[in-house]
Amino acid sequence: MTNPQFPSGAPVPESPAPASPPDGPIHWDLLPDTSAVTGDGHLSVGGVDLVQLAEEVGTPAFVYDEDHLRARCREAVAGFGPGVAYATKAFLCKAMAALALEEKMALDVSTGGEMAVALAGGASGEHLVCHGNNKSSEELAAALRAGVGRIVVDSFDEINRLRALVTAGLTSGSVGRRTRLLVRVTPGIEAHTHEFVKTGQEDTKFGFSLASGAAAEAADALRGLADFELVGVHAHIGSQIFEVSAFVEEIAALVPFVVENRFSECCIGGGLGVAYVEGEVAPSITEWALAVHAAARTAGLPQTVRLTAEPGRAIVASAAVTLYRVGTIKRLPGLRCYVAVDGGMSDNPRPVLYGSGYEAFLPRAPLAPRPLCTRVVGKHCESGDVIVDDARLPSDLVVGDVLATPVTGAYGFAMSSNYNRVLRPPVVFVSDGRHRVVVRRETEADLLACEA
Ligand code: LLP
C-alpha cells in the first residue's frame, strides 16, 4: 500500500495503529488499498483522482477500489478454501457478485431478492448458500429450481415447508443430486458487539438452540427428508466482532455437535469486524482464519470436515469511500459547526441505527491537518440525520468541497433508502486508472416506476 505518512521505504507500522494527533490527517489505514496522492495533492484510488471523479459522476457516490475487493476475496479463499461464501447482504450488485465469483468465492444469499441479483450477476445455483430465518415456500421453491448448493435451515416451520415441497414433487431439482442442508444453531455465545447485530445468544430469532436440544431434534427431522442431504452445521454469532476469542468459543461449542452427527461441513458464519475510525484495530481475514483453524484442531474437529465461513463486512467495508459535496457550513457560536452534505441517512443509516462512528476528510487534501471540529450531517428532515458526529476537517473547508467518508463499503448502499424521496447514489468501481459505473444513480422516473 502506498503510504505517504511513512514515505521513502520506512516500515509501515503494524497494528495497533499509531495514535496521530486528533487534528492530524486522515489515517491512511482507513483508506482503500490502492490509495495514493496525485501530483496535485489529491487522493486517488485505483489510479483515479477522486475530485475529478466527483465532477464526472456527481455526488453522492459510492466508490469501490476493485483491487482491494479482489485482495480481500483472495485472502478469504486462501484462509478457508475455494467456495468460502461472501455474505452478499453487506453489498450486492451484479458486478460485486461477478467479482466474488471470479475470485472463487460462493455467495451467501438471505432472500429471494439477493438470490435474483446473484443469479443475474452470473452465479449458478451451485454457487449459492441460501439463508433466512423466514424463507417463504416460494423462496424455497425458487432456490430448488435454481439448484442451490446449500440451504441453511433455520426453523421447524421451514422444515415443514421443505417437507410439503417434497410431497408436492418440487424437490427433485434440476441438478441430479440431493440438495445439501445445514442446520443453523445458536451456540449460546454472547459476542461483544452492538445488541442489534448479536445473534449467537439463546434469546434470538435465529436458528435452533444447541443447549435445549432443539438443534438435535431439527437434525433428526432433516435426516428424514427425502431428496435432501443433511451435511453440516452453521452458526453466526454476530457482526463487527473484534475479538477472535469469540469465534474460538463458537468452534468449541459447535465441534461436539459436528462429531456426534458425523457431519462433513461446519460453517462459522461471518462477523469479523473492521476499523472505522482511527485507533480501532481489527484482525485481518488471514489472522481470523488461522485462529479458527487452530481452534478447530484444539476442539478435535476431524480433518475431513470442511470448515468454512461467510464474511461480508471484512471483504467490502474498507474498499469504498462515499463522496459527497458540501452544501452548507453553519457555525453556531459556542455550540458547533454543522457541515451539511448532499446525502445522509438514506445512503448511510448506520450512525442513526447503531451509533456507528466514521471519519471524514477532503480528497483535495488528504494529507492536510484537520483542526476544524464539525458535525457532518445530511439533507434529511430530522436532527438524527448525522453522518459523522465528531468529524475533523481542514480549516480551509468551503462550500462546494468534495468531502469523503471512508469505510462505507459494507451495509451502506445495501441499506440505502429513498427517504425524503432522495435518489440512491451510483456505485462506481475504480481500477487501473479507469472508473466504471456499475449501478447508475437513480432518477426521478425510478422513484415513480412502481406507482400505479
Ligand atoms: N452470515 C450470516 C448468517 C449473517 O447473518 C451475516 C450478517 C453474515 C454472514 C455477514 O456478517 P459480516 O461478516 O458482514 O459481519 N447491518 C449491520 C450488520 C448486520 C449483519 C447481519 N448479518 C451493520 O451495518 O453493522
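Predicted model, so just to flag it, every value in this text is computed and none were measured.

### Structural notes on the pairing of strand E15 (residues 336–341)
Across 6 bridges, the pairing between strand E14 (residues 320–332) and E15 is antiparallel. By the bridge assignment, Thr328 is partnered in E15 with Ala340.

### Some words on the environment of Ala85
Inspection of the secondary structure puts Ala85 in strand E5 (residues 85–87). Owing to a relative accessible area of 3%, Ala85 belongs among the buried residues under this scheme. The sequence separation of Ala85 and Asp203 amounts to 118 residues, and the corresponding C-alpha distance is 26 Å.

### Re helix H5 (residues 137–146)
Turning to H5, its buried residues number three or more, namely Leu140, Ala141, Ala142, Ala143 and Leu144. Lining the buried residues of H5 we find helix H4 (112–120), strand E7 (128–130), strand E8 (150–153), helix H6 (156–167), strand E9 (179–186) and strand E11 (228–234). A positive phi of about 70 degrees marks Gly147, the residue just after H5.

### Looking at the environment of Arg163
Along the polypeptide, Arg163 turns up in helix H6. Dropping the residues within four chain positions of it, Arg163 is found in contact with Ala221 and Leu225.

### Let's talk about the site of the ligand
In the neighbourhood of the ligand, 19 residues make up the surrounding shell, with Ser239, Arg313, Arg350, Tyr354 and Tyr411 lying closest. The backbone of Gly312 places a nitrogen or oxygen atom 2.9 Å from an oxygen atom of the ligand. In this structure, an oxygen atom belonging to the ligand sits 2.6 Å away from a side-chain N or O atom of Arg350. Across the complex, the protein chains shield 91% of the 590 Å² of accessible surface that the ligand would expose by itself. In terms of residue class, the shell around the ligand is made up of 6 nonpolar, 7 polar and 6 charged. Residues from two domains meet in the shell around the ligand; each of domain 1 (28–64 + 318–448) and domain 2 (66–314) gives at least three.

### Section: the environment of Val377
Residue position: Val377 is located in strand E16 (residues 372–377). Its relative accessible area of 11% is what places Val377 among the buried residues. In sequence terms Val377 and Thr328 are 49 residues apart; their C-alpha atoms lie 9.9 Å from each other.

### Here's the deal with the packing of helix H2 (residues 66–80) against helix H3 (residues 94–102)
Remark: H2 packs on H3, axes separated minimally by 9 Å, with the N-to-C direction vectors making an angle of 45 degrees. Between H2 and H3, the angle falls in the class oblique. Relative to H3, H2 is oriented so that their crossing is right-handed. The residues of H3 that touch H2, namely those facing Glu66, Leu69, Arg70 and Cys73, are Met96, Leu99, Ala100 and Glu102. Classifying every residue of the contact of H2 with H3 gives 5 nonpolar, no polar and 3 charged.

### A look at the domain arrangement of the protein
The domains assigned to the protein are domain 1 (28–64 + 318–448) and domain 2 (66–314). Using C-alpha coordinates to define each centre, domain 1 is positioned 32 Å away from domain 2. On the domain 2 side, the residues contacting the 27 residues of domain 1 number 23 residues. Carbon and sulfur atoms supply 60% of the area buried between domain 1 and domain 2, which totals about 2200 Å² over both sides. Of all residues in domain 1, Tyr354, Tyr411 and Phe429 bury the most surface against domain 2, accounting for 24% of the area lost on that side.

### Description of the packing of aromatic side chains
In this structure the tally under the stated criterion is 10 aromatic pairs. Measuring from centroid to centroid gives 4.1 Å for Tyr64 and Phe91, while their planes differ by 10 degrees, and the two rings are stacked. With Tyr64 in strand E4 (residues 61–65) and Phe91 in the loop between E5 and H3, this residue pair connects regions lying 27 residues apart in the sequence. Residue Phe91 is classed as buried on the basis of its relative accessible area of 0%. Ring centres of Tyr276 and Tyr358 lie 5.3 Å apart, and the angle between their planes is 80 degrees; on these two criteria the pair is classed as edge-to-face. Residue Tyr276 is found in the loop between strand E12 (265–267) and helix H9 (285–299), and its partner Tyr358 is found in the loop between helix H11 (350–354) and E16; the two are separated by 82 residues along the sequence.

Here is what the cut-offs are and how they apply
Residues numbered from 1 in each chain as written. Predicted model: local features only at pLDDT ≥ 70, side-chain atom pairs only at ≥ 80, totals over all residues. Heavy atoms only, no water. Pairing = 2+ DSSP bridges. Helix = DSSP H or I, 4+ residues; strand = E, 2+ residues; numbered from the N terminus. Buried < 20%, exposed > 50% of the residue type's maximum accessible area, 1.4 Å probe, protein only. Contact = heavy atoms within 4.5 Å. Near = heavy atom within 4 Å. Polar contact = N/O pair within 3.5 Å; in protein donor to acceptor, adjacent residues only side chain to side chain. Areas by Shrake-Rupley, 256 points an atom, 1.4 Å probe, with all protein chains shown as cover. Nonpolar A, V, L, I, M, F, W, Y, C, P; charged D, E, K, R; others polar. Domains from an automatic or database assignment. Axes fitted to C-alpha atoms, helices over the stretch in contact; angles between N-to-C directions. Parallel < 35°, antiparallel > 145°, perpendicular 65-115°, else oblique. Left-handed = near helix turned anticlockwise from the far one by under 90°. Buried area = accessible area lost by both parts, 1.4 Å probe. Phe/Tyr/Trp six-rings, centres within 6.5 Å; stacked < 30°, edge-to-face > 60°.

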